[in-house]
Amino acid sequence: MFEGSPALCYDDWWKVEINVLVEEDFQGQVDVGWLQRVAEQALVAQGADPRSELGLVIAGEETVRELNQRYLGRDEPTDVLAFGLLPGVGEEGALPFVPPPDGIPHLGEVIISYPQALAQAREQRHSVEREMAILLIHGILHLLGYDHDTPELEEVMRTREKEILEQVERGD
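As the structure is a prediction and not an experimental result, all values here were calculated from the model. (Residues numbered from 1 in each chain as written. Predicted model: local features only at pLDDT ≥ 70, side-chain atom pairs only at ≥ 80, totals over all residues. Heavy atoms only, no water.)

A. Representation of the packing of aromatic side chains in the model. As enumerated under the stated definition, the model contains two aromatic pairs in all. Here the aromatic rings of F26 and Y114 are separated by 5.2 Å at their centres, their planes lie at 40°, and the arrangement is tilted. On the criterion of sequence distance, the pair formed by F26 in the loop between strand 2 (15-23) and helix 1 (32-45) and Y114 in helix 3 (residues 114-124) is long-range, its members being 88 residues apart. In this structure F26 comes out as buried when scored by relative accessible area, which is 10%. Pairing Y71 with F83 gives two aromatic rings, centres 5.6 Å apart and planes at 70°, and the pair type is edge-to-face. Taken together, the positions of Y71 in helix 2 (residues 61-72) and F83 in strand 4 (residues 80-84) put the pair twelve residues apart, joining distant regions of the chain. F83 sits in the partly exposed class, given a relative accessible area of 23%. (Phe/Tyr/Trp six-rings, centres within 6.5 Å; stacked < 30°, edge-to-face > 60°. Helix = DSSP H or I, 4+ residues; strand = E, 2+ residues; numbered from the N terminus. Buried < 20%, exposed > 50% of the residue type's maximum accessible area, 1.4 Å probe, protein only.)

B. Broad picture of the environment of G33. Mapping G33 onto the fold places it in helix 1. Between the C-alpha atoms of G33 and I18, which are 15 residues apart in sequence, the distance is 9.9 Å.

C. Here's a closer look at the packing of helix 1 against helix 4 (residues 128-143). Relative to each other, helix 1 and helix 4 sit at 40°, their axes nearing to 10 Å. One element, helix 1, and the other, helix 4, form an angle in the oblique class. Relative to helix 4, the crossing made by helix 1 is right-handed. Note on element contacts: helix 4 touches helix 1 through E129, R130, M132, A133, L136, I137 and I140, opposite W34, L35, V38, A39, A42 and L43. Class assignment for the residues of the contact of helix 1 with helix 4 results in eleven nonpolar, no polar and two charged. (Axes fitted to C-alpha atoms, helices over the stretch in contact; angles between N-to-C directions. Parallel < 35°, antiparallel > 145°, perpendicular 65-115°, else oblique. Left-handed = near helix turned anticlockwise from the far one by under 90°. Contact = heavy atoms within 4.5 Å. Nonpolar A, V, L, I, M, F, W, Y, C, P; charged D, E, K, R; others polar.)

Taken by themselves, the reported measurements are silent on function.
Given below as structure tokens:
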């Protein structure tokens, strides 16, 4: 069972909808408002359309593993998945999505495995909040067209992740 928490972030020019669903087992362990702020900062830093919509799911290892198997053909756990909906962004041969009639750019969904984030936070000796921010930024960058299929692309993506994480941690 999931609990939802949509957020509309308003500013003079910025209106983005970030819908967060947290699997029941992890409710109360995740600061949804903070994750929404991290997502908003990442989108602003990337110059995303200010009318964008983004979905974020915080799930268990089995849910993420099942999604990884079903949609990517990988029967293994992972920390974050990103399913993009923007036309022209994603893997070659991907089926294009029909643009929504409301004209709002639906970026897609980022799914984070909370147990994996917790394990990685312990391994890296930092907070689970920091690890969740890293994974969320990583997922958002994928939705916006970044990838890490080659060493060069991985370097570009990791550098951008670090820059955005530093902005988030400074509170920019």
